[in-house]
Structures are given as C-alpha cells and as structure tokens.
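The residues making up each chain are set out below.
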Amino acid sequence: MENPKAKALCEILSVYCKNSIVSTFSEQLDKPAFNGFVTSKTSTIEKAFLEKGIVQKSKFDKCYFYFDKEKEPMGSSLLHHAGFFYILDASSAYMTERLRSIVGENALALDMCAAPGGKSISLKIRRPDIDIVANDIAIDRAKEMNRNIERIGLDIKTMALDPLSLDLVEAFDLVILDTPCSGSGMIRKERKMLEDWSQKKVDRLLPIQEQLLEKAYSLLAKGGILAYSTCSLSYEEDDGQIKAFLNRHKDIKEVQVPVEKSVVRKDYGYHLLPGIFKGEGIYFCFLKKEGTPTKEREEAKTREKSPVDGYRLYKTKTNGYLTKHLPLSTSRLPFLRPGIPLYDTSEHPKCPYDHGYAKIATEFERIPLTKEAAIRYYAGEEIPTDYQGKDGLYILSYLDVPLGFSKKVGRRLKNYLPKGLRAKVH
C-alpha cells in the first residue's frame, strides 16, 4: 500500500515486531478483511452452512465461524435475524475466548464502553453464568446495543452513562475496558480509518485511556479481572499504557494466557495483527487485582413470582424484567434494560408481551415454521397454517429457536413481529 500513513504504521509496528512480520503486514493491507460470527448454536450452523461450504470453522474457537460476505451476505440471512449468531471480528472473539477461562463462576461484570455489544455478547454466549452490565456513554449506541442483545435473546443489562460518573467502589469481579483509541487496527476493515489516523489522534486519546483505566481500577473488586483492549497498533496505547498503569498500582498483576503462534507479544498483553492473525487488529491485556474475591452478593429483594424458572422478576413503574441476577449493589443503577422486558409498553400494542420475552417464555406453545414460512414472518406477512391447536397466542420457531409471538386465528397466524425488526431475509 503506497500511502505515507500506512508506512508510518509499519514503522510503529517495528517497535515490537520482527521485520518479517512488518513486511507481511504491509503486503496484506490491500487484502479484504476477514468476516465471521460467534454463536452458541454450533451444531445448527454446521448443518446449515458448514456442510455446504458456506462457512469455515475457526481452529482456535469452537464458537466462531468465518464467512465470505461477497459470496454469502450472512448479515441479511434468516439465521442472523433470528438470533442464531452475532457477526463479530475474529480478533475480538479471540479476546473473549481467552477471557472466559480466567473469570470466576457467577461473576458480576461491567463492560464500560460496550456498544455495539460484541464483547459482552460474545462472552455471555460462552459464559451464561456471568452477570453482565453493558454500558455506553452514547444513548443511540446503547439503544443499538439493546437491539443486538434482544435479537440474540440474552440476559444482559444495559446503561447509557459516562463511565467516569459511576460511584461503585470495588463492585465488579470483571471490568472490560475496550477503550476509545486511534483505530489503526481496523484500517483494513474500514478504509477511512487510515485517513482518519494520525499521531496527534493517538496523543489526544492517551490521557482519556489513562483516566478510564483509573476508573476501571476503582470499580474492580479484590481478586477481580480487568480486561483492557484497543483496536490500535500503537505501542503507546497498548503495552505503554499498561506499563504505566502497573507502575501506578502495585496490587495489579498481569494474567498471561496461552495463545497461538500468530499472536504477537512484546512487554504486556497480546497483539493480533491483520495479515498475521486471521482477523483484524486489536490488542488485549488481562490484569488481576490482588485480594480475596467476593464469595456471594446480596440479591435485590422481589416479591414478584417469575413466569420462567431460573429467572427473577423485577417490577418497575413501567414494566417487569426477567434476569438471573440483580445484585443489591447495582440494583439502583439507571438501567435502560435491567433484564429481558416482559410487557410491550408501546402505544396500542398488538401483543401484550415484549418481543424479547418470546426468546425465554415457557408458558406458550410453539409452532415450528419451515424456512419459507419463517422468511414470510420476517417480511411481516400473515402465515397460513394447518396447526390443530386452539386459537390464541403462540411463539413461532425455526430450527427450535424462538422467533417471536403470533396469534392463531383459524388457519392463519397473525404476525406480531415489531415493524422495526421486519426485514427481507434469505
């Protein structure tokens, strides 16, 4: 790539990479970025796509599959809209795959700068026992994150706060800080990132990263894990930032994890580089605070009976929410979504229940759909049926995954999929 900024990035890499790696990186910059997704429905994906050669299974991650978006636009597929998988860069997925094994059971986690939700979703898919609070400072991005979480059907709480305003000292067993950065690791995925990158941008973001790291430290419980990451290639934002942080806090130590040969390590943490690793550019480092972890947390009290076993029902002034856990220490946070909403609180709802509730509800009978019928459901159409059950409310499903609510009236299934979720799928 004959570009002064690309050459500058190669010079930056030379600080912590061998010449052969820098050369390979330079040669691969004009190549297309890799695309893939993370999923818990691995057997379904293998039957639907792997056997047909549409996807490739990752060698390092049983939950990850690669695809060629030019040959198969998975983002507009039926299985994507039905929540079978979440499209995510392989490098980000690799971070949570390494993280899953070092976090304690039933941990309380905060993702400080979470939108659009990839790391929270990816970790929750791997570790359903972790209670995750996903936060983003921008309300629009946080709402987008809500939609992504609802589509997959996960019990993840969301907020839209400035993370620096959180006043919860040593409250979380895991803090994920995917910090604002210069974005140079994404130049192959988003070409505009190369033109946007500059050393001035790096320098401007360094104090913000330091401030967020300090806040993450104050939020992290004793014995907890801090997972720091950037999508930057710059040493100052990566190893350098961690080195300075460790010098300030002697009660924090790095946790090293086993990695593939294609992963680059300098002083602290791990660099995944385009052209070297089969993904785009990110850096991550895991740190542990000394001390004894919290054994149990007091749950916020509720007198409400949950309609779903294994979930607790919390009522607010406007709705009810189902979640596996709601620790008392975090129960008063201004959540956008403190769990999976129970009721549709929009004006004149067709269905009394929220679409997201269909993903976990057990009191309604399911009507399985063919692929053709499921495609029609996402198009917003009524669906003819020969199902012999009584008229009333049902949940429609495809390959045993719930899609949403429908009302059976005679030989018709009325479509209760919210208009904002309807799409042309294949």
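Everything below is about the structure printed above this text.
To start, this report covers the structure provided alongside it. Remember, it's a predicted structure, so these values are computed and weren't measured experimentally. Per chain, the residues get numbers from 1 upward, laid out in the order the sequence is written. Local features in this predicted model are restricted to residues of pLDDT 70 or higher, and side-chain atom pairs are both shown and tallied only at a pLDDT of 80 or more, whereas totals for entire chains, interfaces and linings draw on every residue. Hydrogens are left out, water is left out, and the side-chain values use all remaining heavy atoms of the structure.

Looking only at helices and strands, the protein has 11 helices and 20 strands in total. For this measure, only C-alpha atoms enter the radius of gyration; the expected value for a globule follows 2.2 Å times N^0.38, where N is the number of residues. In summary, the protein has a C-alpha radius of gyration of 23 Å against a globular reference of 22 Å for 426 residues, a match within 12%. Across its three principal axes, the protein shows a C-alpha extent of roughly 70 × 50 × 35 Å. Across the protein, the fraction of contacts at a sequence separation of at least 24, relative to all contacts at a separation of at least 6, is 70%. Methods summary: accessible areas were calculated by the Shrake-Rupley approach with a probe of 1.4 Å, and residue burial reflects only the protein chains presented. As displayed, the protein offers around 19,700 Å² of accessible surface, 50% of which is attributable to carbon and sulfur atoms. One finds the centroid of the 67 positive side-chain charges in the protein at a distance of 3 Å from the centroid of its 58 negative side-chain charges. Strands here mean DSSP runs of E at least two residues long; helices mean DSSP runs of H or I at least four residues long; both are numbered from the N terminus. Whether two residues touch is decided by their heavy atoms; if any such pair falls within 4.5 Å, the residues are in contact. As used throughout, the charge tally considers Lys and Arg to be positive and Asp and Glu to be negative, leaving His and the chain termini uncounted. Note on charges: their place is set at NZ of Lys, CZ of Arg, CG of Asp or CD of Glu.

With that out of the way, let us pick up helix α7 (residues 139-152). Residue count minus one, scaled by 1.5 Å, sets the expected span of a helix. A rise of 1.5 Å per residue sets the reference length of α7, with its 14 residues, at 20 Å; its end C-alpha atoms lie 20 Å apart and thus fit the reference within 8%. Residues of α7 that are buried: Ala-142, Met-145, Asn-146, Asn-148, Ile-149, Glu-150, Arg-151 and Ile-152. In the core, the buried residues of α7 are packed alongside α4 (78-81), β4 (86-87), α6 (118-126), β6 (131-135) and β7 (157-159). Where α7 ends, the next residue or the one after it, Gly-153, has phi of about 85 degrees, a positive value. Partly exposed describes any residue whose relative accessible area lies between the buried limit of under 20% and the exposed limit of over 50%, with all areas from a 1.4 Å probe on protein chains only and scaled to the type maximum.

Side chains Tyr-64 and Tyr-66 project from strand β3 (residues 64-67) onto one buried face, and the interleaved Phe-65 and Phe-67 project onto a second face that is buried too. Pairing between strand β1 (residues 35-38) and β3: four bridges, direction antiparallel. Looking at β3, one finds that Gly-36 is bridged to Tyr-66. With three bridges connecting them, strand β2 (residues 55-57) and β3 associate as antiparallel partners. Residue pairing in the sheet places Lys-57 in a bridge with Phe-65 of β3. Turn length for the β2-β3 hairpin, with the two strands adjacent in sequence and antiparallel, is six residues. Only strands joined by at least two bridges in the DSSP assignment are considered to pair.

Only buried Ala, Val, Leu, Ile, Met, Phe, Trp, Tyr and Cys residues count toward a nonpolar core, and they belong to the same one when joined by side-chain atoms within 4.5 Å. In this structure, Leu-99 and Leu-174 are the most contacted members of the largest nonpolar core, which totals 63 residues. For Leu-174, the residues in contact, after removing those within four places along its chain, are Leu-99, Val-103, Leu-108, Ala-109, Leu-110, Leu-123, Leu-220, Ile-225 and Ala-227. Judged by nonpolar contacts, the second largest core, of 32 residues, contains Cys-113, Val-175, Leu-220 and Ile-252.

Here we take up the side chain of His-355. For His-355, the position within the fold is in the loop between β15 (340-341) and β16 (366-368). Those residues in contact with His-355 that lie beyond four places of it in its chain are Glu-150, Leu-403, Gly-404, Leu-417, Pro-418 and Leu-421.

This brings us to the side chain of Asn-148. Within the secondary structure, Asn-148 is located in helix α7. In this view, Asn-148 contacts Tyr-86, Pro-116 and Ile-121; residues no more than four positions away in its chain are not counted.

Attention now moves to the environment of Asn-135. Relative to the helices and strands, Asn-135 is located in strand β6. The class for Asn-135 is buried, based on a relative accessible area of 0%. Each C-alpha atom of the pair Asn-135 and Cys-113 lies 5.7 Å from the other, and the pair is 22 residues apart in sequence.

Salt bridge, as used here, is a side-chain nitrogen of Lys or Arg placed within 4 Å of a carboxyl oxygen of Asp or Glu. In total, this model carries 22 salt bridges according to the counting rule given. Each of Glu-97, Arg-98 and Arg-100 takes part in salt bridges that share partners, so that together they form one network.

In terms of residue burial, α6 counts as a mostly covered element, since nine of its nine residues are buried. Of the positions making up α6, those classed as buried are Gly-118, Lys-119, Ser-120, Ile-121, Ser-122, Leu-123, Lys-124, Ile-125 and Arg-126.

Turning our attention to the sheet that holds strand β18 (residues 392-398). Taken in spatial order, the five strands make up an open sheet running β16-β18-β19-β20-β17, and their pairing is mixed. Across the chains shown, the open sheet's two edge strands, defined by having one partner strand only, are β16 and β17 (383-384). Judged from the four bridges that link them, strand β19 (residues 401-409) and strand β20 (residues 412-415) form a sheet pairing that is antiparallel. By the bridge assignment, Lys-408 is partnered in β20 with Leu-413.

With that settled, the discussion passes to a positive patch on the surface. Taken together, the side chains of Lys-350, Lys-407, Lys-414 and Lys-419 define a basic patch exposed on the protein surface. Along the polypeptide, Lys-414 turns up in strand β20. Residue classification places Lys-414 among the partly exposed residues on the basis of a relative accessible area of 31%. Exposure above 30% relative accessible area and the lack of any salt bridge qualify a residue for a patch; like charges then connect within 9 Å, and the nonpolar side chains Val, Leu, Ile, Met, Phe, Trp and Tyr within 5 Å.

Glancing now at the packing of aromatic side chains. A pair of Phe, Tyr and Trp rings is counted when the ring centres sit within 6.5 Å of each other, with Trp represented by its six-membered ring. The angle between the planes then sorts it: under 30 degrees is stacked, over 60 is edge-to-face, the rest tilted. As enumerated under the stated definition, the model contains 21 aromatic pairs in all. Between Phe-84 and Tyr-398 the ring centres are 6.5 Å apart and the planes differ by 65 degrees, which places this aromatic pair in the edge-to-face class. Of the two residues, Phe-84 is situated in the loop between α4 and β4 and Tyr-398 in strand β18; the sequence distance between them amounts to 314 residues. Owing to a relative accessible area of 1%, Phe-84 belongs among the buried residues under this scheme. Aromatic rings pair up to connect Phe-60, Tyr-94, Tyr-270, Phe-277, Phe-284 and Phe-286 into one cluster.

Across the sheet, which stays open at both edges, the four strands sit in the order β2-β3-β1-β4 with antiparallel pairing between neighbours. Bordering the open sheet on either side are β2 and β4, each of which pairs with just one other strand.

Residue Pro-116 is bonded to the preceding Ala-115 through a cis peptide linkage, with omega at 5 degrees. With respect to the helices, strands and loops of the structure, Pro-116 is situated in the loop between β5 (108-111) and α6. Backbone geometry at Leu-399 places phi at a positive 50 degrees, although glycine is not the residue there. Mapped onto the fold, Leu-399 is located in the loop between β18 and β19.

This part takes up the environment of Leu-246. One can find Leu-246 in helix α10 (residues 239-248). Judged by its relative accessible area of 11%, Leu-246 falls in the buried class. Ignoring any residue separated from it by four or fewer positions in sequence, one finds Leu-246 in contact with Ile-252, Tyr-268 and Leu-287.

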